[in-house]
Every structure is written in structure tokens, then in C-alpha cells.
Amino acid sequence: MDAKDILGLPKTPLPITQEKKSRPQKDSQRKPDGISREVYALTGGLAPLMPSIDVSQLKRRPASDEKITWQWLPFTNSARKDNLQLYHWVRVVNGVPPTGDYSFAKYNKLVDVIKYTDEEYEKYLTDPMWTKEETDQLFDLCERFDLRFIVIADRFPSSRTVEELKERYYSVSRAILIARAPSPGDVASHPLVKEPYNLSQERERKRALSMVLSQTKQQERKDAEVLAEAKRIQETRMAARGAEEPELPVTSNAVTESADKAVVPGDTVSPSSNAQLPVTAVAPSALAVADNASTLASLRMLWVYLRTYALEQMVQAASSSVGLRTIKRVEQTLQDLGVNLKPKVPTKTVCAEHLELRKEILTLLNLQKQLQYKEAEGSSFREGSFVEMPGSPKDRTFVPDSFGFGGERVGKRDQKRKGPGRQLEGPSPAHKRPRKMKAPDL
């Protein structure tokens, strides 16, 4: 009797327990050499972001004449102004502690904030929107937080925006530099004087950037469709305009003069000299100029765009008229020069210089291709190969190879065919193979 009999429940067979699924065995990773088992278990086998010590140094044994000890010694940091004395463990070799400054003091980089006097403020820096107390607080915070204006705006007592704080700091620094300089030309190349801070432009830049970053996928897709349609319309118009205008080869005067000098009257010309050079080897094609124009027009339609996106579009437009192999050669040349394929700091000047460098490299490759064409022409002229070209005079004087004594030409057609078994009277030429012997000759 069991519990079901007591409760009056029907007896049902117990459900068959499902077999436990075997778990796949995890691949056991071998512990790398030079690391303790405890550290490897804590890190889970993940490599550190930056190697603290080379593995080869862990296995290196110290020299027999060196006695290395670790001592708890005091140290001072030159980056601090309070001469605070702290302690740390120091590696001491042969009882001589290391000398010199604290190793991390070199990372204490400070910003050189310009100081001004009360006379200079009253003479050059007065502003109805700013008081002297607010300006002094601003410069104290700039020196304390190393021009981190986000932190400065958070700790500034009055409600000022980041752009207003930047505008006040840079305008005061620029006015002090100009006032202290002997002449305006001495500080004309200084960044604060050469490119003053523009408050309205900075606000517009941030607003435009926030609009770009807040776009949805649907808006981005719509903008891409509008750009593709504008580019297609521009290409159609350029193709129609090119069909209406007569096709004329775009060549420079220097190339025309060199071509005139290369053809000498009375001499035969090699086929490579009449071959037309590619237009890209002489001058930039009209297609590249049209692509640049269409790219600029499409960018203007966006109103707001990133400079890196504009640079990519301009690079694609400049490389649209060349092949993939030439594009690879341009990129390889940039890598050989140590220039990044995409600028790390894409300012307006940097992007313009980067695009100009790509165009100059492309022009250099085109000139090298043109030089190869000219060298091929020169080699064909030096070889003196006479090839009949279309339009060449056909009434040339025929000079026979050799004549007989009676004025008749000695040729193979005038020789009598020798019968089987007969040999030539003269010696056979060296290049003529002997006739194969057949059955009637035996």
C-alpha cells in the first residue's frame, strides 16, 4: 500500500525520465608560458590591453654579480607643488637605489594659459557682456582644468554656454597677444590670431552635426535616393551636351609640338606613333570635371553633411575616369609617402590638401604613362623598321635580289626540277635538309 492507495488515486505508470543530453566538451585552452595559473584563471585567458612586460624578460635570469632587492623607499613628484612625500617599492641593484625624477612626472602636461594685468584689462579687454570677476573665474578654471570647456561650463557659477566661454577665452588671449607684440606681423602666424574663434559658425556646426546624427534610417535612405537621382540627371545632361559638341582631342601645346618634331618628312612612321595617346595622360578629362561638378551640386542639395563624407565623394569623382589599377597605384603611393588614405583630422585645409595630393599623384602616373609611349616611339625609330602605312607611296623602285650573267634572274621557279637520283651540280645550301631515300632509288 502506498500514498495513492490511501488517497484513492488510480495507479499510473511513472513518466519515463528523459535521458540527459550530453553537453559538448569545452575546448581546453592551454595556459600560455610566462603567466601564473592564478592570473590566468582571473583574467579568463583574455589578453591585456597593453603588455606590461615582455614574456622574454620573465625567463631572463639576473647576472650572477647583481644582487637585486626590493625596498620600501620614499619619493617626491616634481609635478606636485606641495612637495608631498610618498612611499613605494623600488628595485635596488647592489644596494644602490635608483635616482632621478618620478617616472610618471613626465606625463603631467600643463596648458600655458595667458595671464593679464588690471591695466591691460581696462585698456584692451573690457566687454559689456562680461565683468572682470567672471573673466578672472573663467581663466582660473581654464588653468585648473586644462581648457576642458565641458568641465569648465559645469563648474562656472553663472549660466554660460560652452560656446560663450570659448569665445571669451580666445578673444581675450588674442587681444593680449596682439597688444604685447612689438608689431602685428610678429604674431600674424599664431593660431589664435590667424584663425579667430567664430561663435556663430561653431553653433551652426553643432546644430548641423546634431541634425546629421539624429537622422533616421528612412531619412538617410531618402537622401541617398535624392543624391543618386541628381547624379543620374547630371550625367544625362553632360552626355547630351557632349553629343552636341564636336569631339576634339584635348591635347596641350607642348604635346602637339613634340608630336610634330617626332614625325620626320620622308621617313616611315611606326604604328605606335600613330596610336592616339589616352586623354587622361595629357590633360584631365571632361568627365572628371563633370563628376566634380555633379558631386558639388549633390552636396549642396544636402545642406548639412560631414566633411569626411564630402572628401570621399570628391575622391570617388576624381578617380571615376581612371581604372581600378590606377586607383590602387595611387593608394600605394600614398602609403609609400606615409600618408593615411583618410585624414585623421579632417579639417577643411587638410581635406583640400589631401585631395590636391591625390590629383598630383594621378597626374604623375599619367605623365609616366605618356613617357612610356614616347620611349616606345623612340625605340621604334631607332630600330629603323620600315612598315608600309596607309597612304604611303606604292611606286617604289623594285630592286631584285640577284641577277644572272645573261640578265635573267636566278630563282627557284627558273631552276629545273631534278629527277629522282640526280644530284645538284653545286653544293647544297647548309640550311637544306637531305632528301629522304625511297625504294626506287635503291
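Remember, it's a predicted structure, so these values are computed and weren't measured experimentally.

**Focus on the packing of aromatic side chains**
Thought 1: Within the structure shown, the criterion is met by 13 aromatic pairs.
Thought 2: Between the aromatic rings of Phe104 and Tyr107, the centroid separation amounts to 6.2 Å while the plane-to-plane angle is 40°, which identifies the pairing as tilted.
Thought 3: Site record: aromatic cluster; members linked through ring pairs are Tyr116, Tyr121, Phe139, Phe149, Tyr169, Tyr170 and Tyr197.
Thought 4: The ring of Tyr121 carries Lys132 above its face, with NZ or CZ at 5.8 Å from the centroid.
Thought 5: Its guanidinium or amino end placed over the ring of Trp130, Arg160 lies 4.1 Å from that ring's centre, counting from NZ or CZ.

**As for the pattern of salt bridges**
When charged atoms on two side chains of opposite charge get close, those side chains can pair.
Thought 1: What the rule picks out here adds up to 15 salt bridges.
Thought 2: When the shortest N-O distance is used, the salt bridge between Glu164 and Arg203 registers 3.6 Å. A residue pair is termed long-range when its members are at least 10 positions apart, and Glu164 in helix 7 (residues 162-180) and Arg203 in helix 9 (residues 199-213) qualify at 39 residues.
Thought 3: Assessed through its relative accessible area of 24%, Glu164 is described here as partly exposed.
Thought 4: Its relative accessible area of 41% is what places Arg203 among the partly exposed residues.
Thought 5: A salt bridge links Glu229 to Arg232, with the shortest nitrogen-to-oxygen separation between them at 2.5 Å. Linking Glu229 with Arg232, this pair stays in helix 10 (residues 217-244), spanning three residues, or about one helical turn.
Thought 6: Glu229 gets classed as partly exposed once you look at its relative accessible area, which sits at 37%.
Thought 7: Arg232 sits in the partly exposed class, given a relative accessible area of 44%.
Thought 8: Among the charged side chains, a salt-bridge network with shared partners connects Asp118, Lys132 and Asp136.

**Examining the packing of helix 14 (residues 307-318) against helix 16 (residues 348-383)**
Thought 1: As a packed pair, helix 14 and helix 16 sit with axes 11 Å apart at the nearest point and diverge in direction by 15°. Our classification of the angle between helix 14 and helix 16 gives roughly parallel. For the crossing formed where helix 14 meets helix 16, the hand is right-handed. Where helix 14 abuts helix 16, its residues Arg307, Leu311, Met314, Val315 and Ala318 lie against Lys348, Cys351, His354, Leu355, Arg358 and Leu362.
Thought 2: Its residues assigned to classes, the contact of helix 14 with helix 16 comprises seven nonpolar, one polar and three charged.

**Describing empty space enclosed by the protein**
Thought 1: In this structure the tally under the stated criterion is one cavity of 30 Å³ or more.
Thought 2: In this model, the largest cavity occupies a volume close to 80 Å³.
Thought 3: Every residue lining the largest cavity is listed: Val315, Ala318, Ser319, Val322, Thr326, Ile327, Val330, Arg358, Lys359 and Leu362.
Thought 4: Elements with a minimum of two residues in the lining of the largest cavity: helix 14, helix 15 (324-336) and helix 16.
Thought 5: A per-class count over the lining of the largest cavity returns six nonpolar, two polar and two charged.

**Section: the nonpolar core**
Thought 1: Residues Tyr116, Leu138, Phe149, Ile152, Leu165 and Tyr169 are the most contacted members of the largest nonpolar core, which totals 19 residues.
Thought 2: Looking at this core, the elements with two or more residues in it are helix 5 (132-144), helix 6 (149-155) and helix 7.
Thought 3: Examining the composition of this core, we find that five residues originate from one element, helix 7, more than from any other.
Thought 4: Here Leu138 is in contact with Trp130, Ile152, Phe156, Leu165, Arg168 and Tyr169, once residues within four sequence places are set aside.

**Thoughts on helix 15**
Thought 1: In this model, helix 15 (13 residues) spans 18 Å end to end at C-alpha, consistent with the 18 Å of a helix rising 1.5 Å per residue.
Thought 2: All buried positions along helix 15 are accounted for by Thr326, Val330 and Leu334. Down the axis, helix 15 shows its buried residues gathered within 85° of arc, on one side only. Opposite the packed face of helix 15, turned more than 90 degrees from it, sit the exposed residues Leu324, Arg325 and Asp336.
Thought 3: Elements that come into contact with the buried residues of helix 15 comprise helix 16.

**So, unusual backbone geometry**
Thought 1: Phi is positive for Asp146, close to 55°, though the residue is something other than glycine.
Thought 2: The exposure class of Asp146 is partly exposed, given its relative accessible area of 22%.

**Some words on the side chain of Glu202**
Thought 1: Mapping Glu202 onto the fold places it in helix 9.
Thought 2: Separated by 2.8 Å, the side chains of Glu202 and Arg205 make a polar contact.
Thought 3: Look past the residues within four positions of Glu202 in its chain and what remains in contact with it is Glu163, Lys166 and Tyr197.

Parameters at a glance
Residues numbered from 1 in each chain as written. Predicted model: local features only at pLDDT ≥ 70, side-chain atom pairs only at ≥ 80, totals over all residues. Heavy atoms only, no water. Phe/Tyr/Trp six-rings, centres within 6.5 Å; stacked < 30°, edge-to-face > 60°. Lys NZ or Arg CZ within 6 Å of the ring centre and 35° of its normal. Salt bridge = Lys/Arg side-chain N within 4 Å of Asp/Glu carboxyl O. Helix = DSSP H or I, 4+ residues; strand = E, 2+ residues; numbered from the N terminus. Buried < 20%, exposed > 50% of the residue type's maximum accessible area, 1.4 Å probe, protein only. Axes fitted to C-alpha atoms, helices over the stretch in contact; angles between N-to-C directions. Parallel < 35°, antiparallel > 145°, perpendicular 65-115°, else oblique. Left-handed = near helix turned anticlockwise from the far one by under 90°. Contact = heavy atoms within 4.5 Å. Nonpolar A, V, L, I, M, F, W, Y, C, P; charged D, E, K, R; others polar. 1 Å grid on protein atoms, 1.4 Å probe; cavity = no way out; pocket = protein on both sides within 12 Å on 5 of 7 lines; lining within 4 Å. Points joined across faces, edges and corners; volume = space filled by probe spheres on them. Core = buried A, V, L, I, M, F, W, Y, C linked by side-chain atoms within 4.5 Å. Expected span 1.5 Å × (residues − 1). Arc of directions from axis to C-beta. Polar contact = N/O pair within 3.5 Å; in protein donor to acceptor, adjacent residues only side chain to side chain.

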